Amino acid sequence: RYAAAPLIREVALLGVEGALVALVVPDLAAARDVGALRLRDALREALTGVANTLPSYARPSGFAIAHEALPRTHLGKLRRHLLPALYDAAQRPEAAADTTALSAEDRALLETPAAAAVWRWLAQRFPGRALRFDTVPQLDLGIDSLGWVEMTLALERDLGVTLKESEIARIVTLRDLLHEVVASHEGEAGAAPAAEASWLAPLGLGARLFRALGEPLICLAMRRAFRLRVEGLDHLPPADPVLICPNHASYLDPFLLGAALPRKRLDKTYWGGWTGIVFSTPLRRFFSRAARAIPVDPDRAVASGLAMGGVALARGWNLVWFPEGARTPNGKLQHFLPGIGVLIEKRPVPILPVYIKGSFEAWPASRRLPHLRDVTIRFGQPIDPAQLLAEPAGRAREEKIAATVQEAVAALAD
């Protein structure tokens, strides 16, 4: 069952210190096709999706990534006695660079001036790490989607290399990065396409009519069906714009939060929406346009989503941003991504932490249809952005901003 999950080429289950764990060989070709700036998160979601359909004893408590094919006998069976050592090795970062075992094609690539310059730049940026052409930045170097944004900006600053988001989305290994650098054209910006910027344009007549008629009905349905209780609404700052940061446990969350907000604030609000769901069909795209959702693609184009969110705040609109990036697989609050720090740096506005209680029980990721359960939405005290921006700019500050907001949201869960 696990081996059939998306993005997984091979997987082995084994016991380590009394716990069931998984050793996973990712399908890098599939990752390249779909875009995988969050490859580790995507693998975790794939494993969790399967685990939720199996008994508790068949659910691994953790996993590690292997790059080589798993060892098998001549009959194709796993050589299980070798797996614990492989699992242990997969969890330890490599210590020394290795460029000796290059194919003729790889050597020819490294002889091009642009690729050679980037390779030297990478060695300086990741000292002491074993950089190979097959190194997967997302898995081996800990570069998440926002890390890619930061790294490509640094490439442009230090080497004058500009990569578009469509090019970044194709990068799975360092070999891919070097190929894209060689093929890229200097001076092309990695900003969002003009077509995506149209999501911030005024609504057309059809979308306005749909919103005027559908919004009150949807809000009423949410309040009645889930006996919605709202606490702390007086914490909502009196003036726009506000960056609203809720936890994310269910597909119901934006509808429930919309039902909790005052109508005037709701009509002045944009929402960050995952392209894999809310923009996946023409009908959903129309609904998302009417709801003022901004397309956010964490696997291909996170920078454009952040850019549009920043523009919305700059224009005086409120913005609902789910800092976890995806629904929680187990009902627990997940790590907040540092994209929220980027937004605050672009536009320092009050941050309103929000906790949605009960939506996971109503519609968890493991179920196709929702139950009717009571839901409570708690609004916390707004966070002054000046307190968050006091430290020097950079990734560390963005991470700290995300951690501060996560603590404020977690405090509302009690």
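The shown structure was predicted, so the numbers you read here are calculated from the model rather than taken from an experiment. (Residues numbered from 1 in each chain as written. Predicted model: local features only at pLDDT ≥ 70, side-chain atom pairs only at ≥ 80, totals over all residues. Heavy atoms only, no water.)

Asker: Please set out the nonpolar core residue by residue, giving values where relevant.
Answerer: If you look at soluble globular proteins, the nonpolar side chains tend to sit buried side by side. Counting residues in hydrophobic clusters, the biggest one holds 31 residues, and the most contacted among them are L243, L319, I351 and V405. For this core, the secondary-structure elements that each account for two or more residues are strand 5 (243-246), strand 7 (293-296), helix 16 (302-314), helix 17 (339-346), strand 9 (351-357) and helix 20 (395-411). In this view, L243 contacts L319, W321, I340, L343, I344, V349, P350, I351 and L352; residues no more than four positions away in its chain are not counted. (Core = buried A, V, L, I, M, F, W, Y, C linked by side-chain atoms within 4.5 Å. Buried < 20%, exposed > 50% of the residue type's maximum accessible area, 1.4 Å probe, protein only. Helix = DSSP H or I, 4+ residues; strand = E, 2+ residues; numbered from the N terminus. Contact = heavy atoms within 4.5 Å.)

Asker: Tell me about the sheet that holds strand 10 (residues 376-379), and please be specific about residues and values.
Answerer: Either a parallel or an antiparallel arrangement is found when strands of a sheet pair, and the pairing is made through backbone hydrogen bonds. Taken together, the 7 strands give an open sheet; going across it, the order is 4-10-9-5-8-6-7, and neighbouring strands pair in mixed fashion. Each end of this open sheet is capped by a strand with a single partner; those strands are strand 4 (229-231) and strand 7. Each neighbouring strand pair of the sheet contributes to a mean axis angle of 20°, computed without reference to strand direction. Pairing between strand 4 and strand 10: 3 bridges, direction parallel. By the bridge assignment for strand 10, R229 is matched with T376. Each of strand 4, strand 5, strand 6 (269-274), strand 8 (318-320), strand 9 and strand 10 touches helix 12 (residues 253-260); the most contacted strand, strand 10, lies at about 65° to it. Most of the contacts of helix 17 go to strand 5, to which it runs at about 170°, and overall it touches strand 5, strand 8 and strand 9. (Pairing = 2+ DSSP bridges. Axes fitted to C-alpha atoms, helices over the stretch in contact; angles between N-to-C directions.)

Asker: Hey, could you go over the sheet that holds strand 1 (residues 8-16) for me, with residue numbers and the actual values?
Answerer: As summarised here, the arrangement of the 3 strands in space is 1-2-3, forming an open sheet in which the pairing is mixed. Looking at strand neighbours, the two that pair on one side only are strand 1 and strand 3 (62-65), the edges of this open sheet. On average, adjacent strands in this sheet sit at an angle of 25° to one another, irrespective of strand direction. Alignment of strand 1 against strand 2 (residues 19-26), held across 8 bridges, turns out to be antiparallel. Paired with A12 across the bridge in strand 2 is L23. Along the sheet, helix 2 (residues 39-51) makes contact with strand 1, strand 2 and strand 3, crossing strand 3 at roughly 135°. Of the strands in this sheet, strand 1, strand 2 and strand 3 are in contact with helix 3 (residues 83-90), which crosses strand 2 at around 70°.

Asker: Would you mind going over unusual backbone geometry in detail, with residue names and values included?
Answerer: Cis geometry marks the peptide bond from D240 to P241; its omega dihedral reads 0°. By secondary structure assignment, the location of P241 is in the loop between strand 4 and strand 5. Phi angles above zero are rare outside glycine, and L7 is one such case at about 70°. In this structure, L7 sits in the segment before strand 1. Although it is not a glycine, E17 sits at a positive phi angle of roughly 55°.

Asker: Lay out the side chain of T135 with the relevant residues and their values.
Answerer: Mapped onto the secondary structure, T135 falls in the loop between helix 5 (113-125) and helix 6 (137-140). One polar contact links the side chain of T135 to the main-chain amide nitrogen of R132, over a distance of 2.9 Å. If we skip the residues at most four places from it in the chain, T135 touches A130, D140, L141, V172, T173 and L174. (Polar contact = N/O pair within 3.5 Å; in protein donor to acceptor, adjacent residues only side chain to side chain.)

Asker: With reference to specific residues and values, describe the pattern of salt bridges.
Answerer: Side-chain pairs of opposite charge can arise where the charged atoms are in close proximity. Using the criterion set out here, one finds 14 salt bridges in the structure. Here R170 and E180 are joined by a salt bridge, their closest N and O atoms 2.9 Å apart. Pair noted here: R170 is in the loop between helix 8 (165-168) and helix 9 (174-183) and E180 is in helix 9, with a separation of 10 residues, a long-range link. You can call R170 partly exposed: its relative accessible area is 37%. With a shortest N-O distance of 2.8 Å, R265 and D240 are connected by a salt bridge. (Salt bridge = Lys/Arg side-chain N within 4 Å of Asp/Glu carboxyl O.)

Asker: Break down the packing of helix 11 (residues 205-225) against helix 15 (residues 282-290) for me, with residues and values.
Answerer: Two quantities define a packed helix pair, namely the angle between the axes and the distance from one axis to the other. Interhelical geometry of helix 11 versus helix 15 gives an angle of 80° and a closest axis separation of 9 Å. Between helix 11 and helix 15, the interaxial angle falls into the category roughly perpendicular. Between helix 11, through G206, A207, F210, R211 and I218, and helix 15, the contact on the second element is made entirely by F286, F287 and A290. A breakdown of the residues in the contact of helix 11 with helix 15 according to their chemical character gives 6 nonpolar, 1 polar and 1 charged. (Parallel < 35°, antiparallel > 145°, perpendicular 65-115°, else oblique. Nonpolar A, V, L, I, M, F, W, Y, C, P; charged D, E, K, R; others polar.)

Asker: If you had to explain the environment of G331 to someone new, which residues and values would you point to?
Answerer: Mapped onto the secondary structure, G331 falls in the loop between strand 8 and helix 17. Residues G331 and V136, spaced 195 residues apart in sequence, show a C-alpha to C-alpha distance of 30 Å.

Asker: Help me get a handle on the packing of aromatic side chains, residues and values and all.
Answerer: Counted under the stated rule, the structure contains 6 aromatic pairs. Ring plane angle 85° and centroid distance 5.8 Å describe the contact between F210 and F287, whose orientation is recorded as edge-to-face. Of this pair, F210 sits in helix 11 while F287 sits in helix 15; the two residues are 77 residues apart in sequence, bridging distant segments of the chain. Judged by relative accessible area, F210 falls into the partly exposed class, the value being 34%. (Phe/Tyr/Trp six-rings, centres within 6.5 Å; stacked < 30°, edge-to-face > 60°.)

Asker: I'd love a proper account of the environment of R79, names of residues and values included.
Answerer: Mapped onto the elements, R79 comes out in the loop between strand 3 and helix 3. The sequence separation of R79 and P241 amounts to 162 residues, and the corresponding C-alpha distance is 59 Å. Excluding residues that lie within four positions of it along the chain, R79 makes contacts with P71, R72 and T73.

Asker: For the packing of helix 5 against helix 9, give the residues involved together with the corresponding values.
Answerer: Here helix 5 crosses helix 9 at 135°, and the two axes come no closer than 9 Å. With respect to helix 9, the element helix 5 is oriented oblique. Judged by the twist between their axes, the crossing of helix 5 over helix 9 is right-handed. Counted together, A114, A115, V118, W119 and L122 of helix 5 and L174, L177, L178, V181 and V182 of helix 9 form the full contact between these two elements. Across the contact of helix 5 with helix 9, the residue classes break down as 10 nonpolar, no polar and no charged. (Left-handed = near helix turned anticlockwise from the far one by under 90°.)

Just geometry here; none of it tells us what the structure is for.
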